[in-house]
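Spelled out, the chains give:
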Amino acid sequence: AGLAFISYPEVLASFPASNFFAVVFFLMLITLGLGSAIGLLGSVTTTICDSFPNVNKKTIIKVCCVLGFAIGLFYITPGGMLMLDMVDHYGGTMLILGLASIEIIGIAWIYGANVVMRDFHFMFTTEPWVGDWYWRLCWGLVCPLLLPALFLYLVFVDAGPFSGPAGEGLQESSKTALALVGYCIAGLGLFLVPLHTLASVTAEEEGE
């Protein structure tokens, strides 16, 4: 947000015909935002529609749009920038790194990087070649070690988004409260993995 709404506008203001470049720049931001929103909303509504096929798809889309709009109202409050930084750090960066770590470990070490390469060759009807060692090295060793290391760094070493200029003027109690809420957001997202695993195992045992 600081880069898009503070740094870039200051640079554009120094351009010749700065008004024109400012309009073009924010049109680009709106286009990128709409593209991202449509993609994210599509993945959510598709999942819900597949889970509840008897519910009208238009109704599901309307409910998701209204809920998304209502949640977005928090970010236009006086403390909205702090909430945006909190959600971006804990619900974005930290949660994504945690989920990606679980995903790459499951694919590379449980399913097997060699099996993944075999599946790729089967799907693309290609033959194994000498360059396969690079992908096996990345998927089997580099990514499963690097991603969890970055995740652990964020959890135990990184001071969080409010340790620098973003936290100036904030009381320590407010910083602690924001950090606790952020960890709850990240923990809730990570908790869905074992919960879904348990549900899948239970359903398989019951023959559903």
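Notes on the structure in this doc start here. Bear in mind that the values here come from a model prediction, so they are computed numbers and not experimental data. (Residues numbered from 1 in each chain as written. Predicted model: local features only at pLDDT ≥ 70, side-chain atom pairs only at ≥ 80, totals over all residues. Heavy atoms only, no water.)

## Considerations on the pattern of salt bridges
Applying the stated criterion across every chain, the model contains 2 salt bridges. Between Asp-119 and Arg-118 there is a salt bridge, with the nearest N and O atoms lying 3.5 Å from each other. Among the ionic pairs, Glu-172 bridges to Lys-175, the shortest N-O distance being 3.8 Å. Residue Glu-172 and its partner Lys-175 are both found in helix 6 (residues 172–205); the two are separated by 3 residues, about one turn of the helix. Residue class for Glu-172 comes out exposed when judged on its relative accessible area of 56%. (Salt bridge = Lys/Arg side-chain N within 4 Å of Asp/Glu carboxyl O. Helix = DSSP H or I, 4+ residues; strand = E, 2+ residues; numbered from the N terminus. Buried < 20%, exposed > 50% of the residue type's maximum accessible area, 1.4 Å probe, protein only.)

## Thoughts on the environment of Phe-25
Inspection of the secondary structure puts Phe-25 in helix 2 (residues 18–51). In this structure the C-alpha to C-alpha distance between Phe-25 and Cys-184, which are 159 residues apart in sequence, comes to 35 Å. Sequence-distant contacts of Phe-25, defined by excluding residues within four places in its chain, comprise Ala-4, Tyr-8 and Leu-12. (Contact = heavy atoms within 4.5 Å.)

## A few points about the state of the cysteines
Under the counting rule described, the total for this entry stands at 0 disulfides. A disulfide-free cysteine, Cys-143 has its sulfur positioned 5.9 Å from the sulfur of Cys-138, the nearest such atom. (Disulfide = S-S within 2.5 Å.)

## Remarks on the packing of aromatic side chains
Evaluated as defined, the whole model comprises 10 aromatic pairs. Seen from their ring centres, Phe-15 and Phe-21 are 5.6 Å apart, and the 90° between their planes marks the pair as edge-to-face. Classification of Phe-21 as partly exposed rests on a relative accessible area of 35%. Where Trp-133 meets Tyr-134, the ring centres are 6.3 Å apart and the plane angle is 90°; that geometry is what we call edge-to-face. Assessed through its relative accessible area of 53%, Trp-133 is described here as exposed. A connected cluster of aromatic rings, assembled from ring pairs, spans Phe-120, Phe-124, Trp-133, Tyr-134, Trp-135 and Trp-139. (Phe/Tyr/Trp six-rings, centres within 6.5 Å; stacked < 30°, edge-to-face > 60°.)

## A word on the nonpolar core
Counting residues in hydrophobic clusters, the biggest one holds 10 residues: Met-86, Tyr-90, Met-94, Leu-97, Phe-151, Leu-154, Phe-162, Leu-178, Ala-179 and Ala-186. Put simply, the parts of the chain that give this core at least two residues each are helix 4 (80–124), helix 5 (132–156) and helix 6. For this core, the element with the most residues is helix 4, which contributes 4 residues. In contact with Leu-97, other than residues within four places in its own chain, are Leu-147, Leu-150, Phe-151 and Leu-154. (Core = buried A, V, L, I, M, F, W, Y, C linked by side-chain atoms within 4.5 Å.)

## Comments concerning the side chain of Thr-45
Inspection of the secondary structure assignment puts Thr-45 in helix 2. Overall, the relative accessible area of 6% leaves Thr-45 in the buried class. Ignoring any residue separated from it by four or fewer positions in sequence, one finds Thr-45 in contact with Ile-60, Ile-61 and Cys-64.

## Observations regarding the packing of helix 2 against helix 3 (residues 57–72)
Viewed as axis vectors pointing N to C, helix 2 and helix 3 meet at an angle of 135°, and their least axial separation amounts to 10 Å. Classified by the angle between their axes, helix 2 and helix 3 sit oblique to one another. Of the two possible hands of crossing, helix 2 and helix 3 adopt the one that is right-handed. Touching Leu-41, Val-44, Thr-45, Ile-48 and Cys-49 of helix 2 are Lys-57, Ile-60, Ile-61, Cys-64 and Cys-65, all from helix 3. A per-class count over the contact of helix 2 with helix 3 returns 8 nonpolar, 1 polar and 1 charged. (Axes fitted to C-alpha atoms, helices over the stretch in contact; angles between N-to-C directions. Parallel < 35°, antiparallel > 145°, perpendicular 65-115°, else oblique. Left-handed = near helix turned anticlockwise from the far one by under 90°. Nonpolar A, V, L, I, M, F, W, Y, C, P; charged D, E, K, R; others polar.)

## Details of unusual backbone geometry
Backbone geometry places Ala-17, a non-glycine residue, at a positive phi of 55°. Its place among the elements puts Ala-17 in the loop between helix 1 (2–13) and helix 2. One non-glycine residue, Thr-125, lies in the positive phi region at around 50°. Within the secondary structure, Thr-125 sits in the loop between helix 4 and helix 5.

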